[in-house]
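Reading the structure
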Amino acid sequence: MKPFTVQKFLAKLVVAIIVLLLTSCKNNPETTVTNQPILSDYNLGEKWVWKYKGVTDEGEVRSDGTDTRAIVNFNGELGMTIDKDTVLVSDFVKPEDSETPRYKWPLEVGKTWTYEKDWTSQDGTTGKQSQDVEVLSFKEETVGAGTFMAYTITYKGTISNSRGYSAKTDEVWLYAPKIKNFIKMTQVQDGFSYTEELIEYSK
């Protein structure tokens, strides 16, 4: 009977440890895993408004304004307004076909990857951005629009263009899964600081 009792005790102990671990994971936001939003996560009329500002080290303001995105009816489908354009949300939520994406889903604390992007400006200038990315935390963050659980994601690397410009660029993004968007972004690049902060969200 004694071996049976020991086995029974050990079995109960293992179950207790598993329950404890599961409870700990549930209560610890650092264990949260977030998948990419899907079409059904968006609602008609949903709106995000950011305040942005760019300032040089000398205090010269080079950009100052607001950026609004909203979910609208676009030919019978959900569309998202971006500047003067409207894109289908169904296209927006497609998995990014890149080995070096802005967000590498699913997001979770401790995850790392490389973000690279080639771009061409309106005047024909081409450029490249290359950064090492790390998800540092998932916790409450407060911005103008309120308080949200958000991932803190750092991007550290360089940006260069065909005109010979090259600079170190460091960014911090706060991404809030509940609203499927970033709530704050700060960028420091070659004597220039740029910030975007969510000041309004509605659905």
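These numbers come from a predicted model, not from an experiment. (Residues numbered from 1 in each chain as written. Predicted model: local features only at pLDDT ≥ 70, side-chain atom pairs only at ≥ 80, totals over all residues. Heavy atoms only, no water.)

1. Quick look at the overall build of the chain
Test applied: Secondary structure elements are defined from DSSP: runs of H or I of at least 4 residues count as helices, runs of E of at least 2 residues count as strands, and each element is numbered from the N terminus. Summary of the burial criterion: residues with accessible area below 20% of their type's maximum are buried, those above 50% are exposed, and those between are partly exposed, where the area comes from a 1.4 Å probe applied to protein chains only. Between two residues, a contact is recorded if the distance between any of their heavy atoms is within 4.5 Å.
The helix and strand tally for the chain stands at 2 helices and 12 strands. Secondary structure of the chain in N-to-C order comes out as α-β-β-β-β-β-α-β-β-β-β-β-β-β. The buried share among the 203 residues of the chain stands at 32%. In the chain, once contacts between residues fewer than 6 apart in sequence are set aside, the share between residues at least 24 apart is 47%.

2. Remarks on the nonpolar core
The following threshold applies: For the purposes of this section, nonpolar cores are sets of buried Ala, Val, Leu, Ile, Met, Phe, Trp, Tyr and Cys residues that join through side-chain atoms within 4.5 Å.
With 31 residues, the main nonpolar core has Trp48, Trp113, Ile153, Tyr155 and Ile183 as its most contacted residues. Elements that contribute at least two residues to this core include exactly strand E2 (47–56), strand E7 (112–120), strand E8 (126–143), strand E9 (146–161), strand E10 (166–176), strand E11 (181–189) and strand E12 (192–202). When residues in this core are grouped by element, the largest group, 5 residues, is from E9. Dropping the residues within four chain positions of it, tyrosine 155 is found in contact with Arg102, Tyr103, Trp113, Tyr115, Gln131, Asp132, Val133, Thr169, Asp170, Glu171 and Trp173.

3. Notes on the sheet that holds E7
For clarity, the cut-off: DSSP calls a pair of strands paired once it identifies at least 2 bridges connecting them. Here the axes come from fitting lines to C-alpha atoms, over the contacting stretch only for helices, and the angles between their N-to-C directions go from 0 to 180 degrees.
The strand order E5-E4-E3-E2-E12-E11-E10-E9-E8-E7 describes an open sheet built from 10 strands, whose pairing is antiparallel. The open sheet has two edge strands with one neighbour each: strand E5 (85–88) and E7. Mean inter-strand twist for the sheet, computed between neighbouring axes without regard to direction, equals 20°. Alignment of E10 against E11, held across 8 bridges, turns out to be antiparallel. Each bridged residue has a counterpart across the sheet, and for tryptophan 173 the counterpart in E11 is methionine 185.

4. Focus: unusual backbone geometry
In this structure, the amide linkage connecting tryptophan 105 to the following residue, proline 106, adopts the cis form with an omega of -5°. In this structure, proline 106 sits in the loop between helix H2 (89–92) and strand E6 (107–108). Here the phi dihedral of asparagine 75 falls at roughly 55°; this positive angle occurs in a residue that is not glycine. A positive phi is found at lysine 180, a non-glycine position, where the angle reads about 60°. Considering the arrangement of structural elements, one finds lysine 180 in the loop between E10 and E11.

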